[in-house]
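Inside the fold
The primary structure of each chain is shown beneath.
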Amino acid sequence: MKVQKAVLKETGHIAIGVLLADVLMCAVFAIVHKFDYTVVLGALLGTAIAVANFFLLGVTLQKAVGMKEYASKYVRQSYSLRMFFCFAGVAVSVFAPCFHPIAAIIPLLMPQLVIYAMRALGLYKPDKPKETRSMDYCGRRYRRSLYIPEDSWKSRPALRDKT
């Protein structure tokens, strides 16, 4: 299975955003005089886990869309494995002395904040649904994005009398 360009593009956006948040986090650690090499290593570990988690989410959803059966079971199973992967990374950061645990946990929370920030700054614009016209089961035209029949006002006496 080939990974779609959209998954790679959005994973790149998340990676850049989380790295920027890591720089900010390291600056905060430096301001409170708690900065050392373990903070940088913890931030890199957390960033790697967060970006890998987001990428695996995209790949999972891409594959699930193509499935006809067992798609929801596949997505749930993938979620469980991704959360185990995140937990294992946090456990490594807690028990290995070369990683700062807080610096490793904070990047795991960043992808959601990066998405919110991208939307707030106007950097992320979801595709608008195309308004297409189609026929319903009675042969009436309707707008697919709104699901409102165009001639539905003709069947309502109150609306018909006003025209």
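Preceding block: the structure.
Okay, so let's go over this structure. (Residues numbered from 1 in each chain as written. Predicted model: local features only at pLDDT ≥ 70, side-chain atom pairs only at ≥ 80, totals over all residues. Heavy atoms only, no water.)

Tracing the chain through its elements places S93 in helix α3 (residues 71–95). Judged by relative accessible area, S93 falls into the buried class, the value being 0%. In this structure the side chain of S93 is engaged in a polar contact, spanning 2.7 Å, whose partner is the backbone oxygen of V90. Residue contacts for S93: discarding those within four places in its chain leaves L45, F99, P101 and A104. (Helix = DSSP H or I, 4+ residues; strand = E, 2+ residues; numbered from the N terminus. Buried < 20%, exposed > 50% of the residue type's maximum accessible area, 1.4 Å probe, protein only. Polar contact = N/O pair within 3.5 Å; in protein donor to acceptor, adjacent residues only side chain to side chain. Contact = heavy atoms within 4.5 Å.)

A cluster of nonpolar residues, L19, F35, Y37, V40, L41 and L44, forms a patch on the protein surface that exposes about 550 Å² of accessible area. The element contributing the most residues to the nonpolar patch is helix α2 (residues 37–66), with 4 residues. Take Y37: it is sitting in helix α2. (Patch = residues over 30% accessible without salt bridge, like charges linked within 9 Å, V, L, I, M, F, W, Y side chains within 5 Å. Areas by Shrake-Rupley, 256 points an atom, 1.4 Å probe, with all protein chains shown as cover. Salt bridge = Lys/Arg side-chain N within 4 Å of Asp/Glu carboxyl O.)

In the contact formed by α2 and helix α4 (residues 101–120), the axes pass within 7 Å of each other and the chain directions differ by 45°. On the basis of their axis angle, the class for α2 and α4 is oblique. Between α2 and α4 lies a crossing whose hand is right-handed. On the side of α2, the interface is formed by V39, G42, A43, L45, G46, T47, I49, A50 and F54, while α4 contributes A103, A104, P107, L108, P111 and I115. Split by residue class, the contact of α2 with α4 holds 12 nonpolar, 3 polar and no charged. (Axes fitted to C-alpha atoms, helices over the stretch in contact; angles between N-to-C directions. Parallel < 35°, antiparallel > 145°, perpendicular 65-115°, else oblique. Left-handed = near helix turned anticlockwise from the far one by under 90°. Nonpolar A, V, L, I, M, F, W, Y, C, P; charged D, E, K, R; others polar.)

Moving on, we get to the packing of α3 against α4. Here α3 crosses α4 at 160°, and the two axes come no closer than 8 Å. Here α3 lies roughly antiparallel to α4, going by the angle between them. The handedness of the crossing between α3 and α4 is right-handed. Two secondary-structure elements touch here, α3 through V90, S93 and V94 and α4 through P101, A104, I105 and L108.

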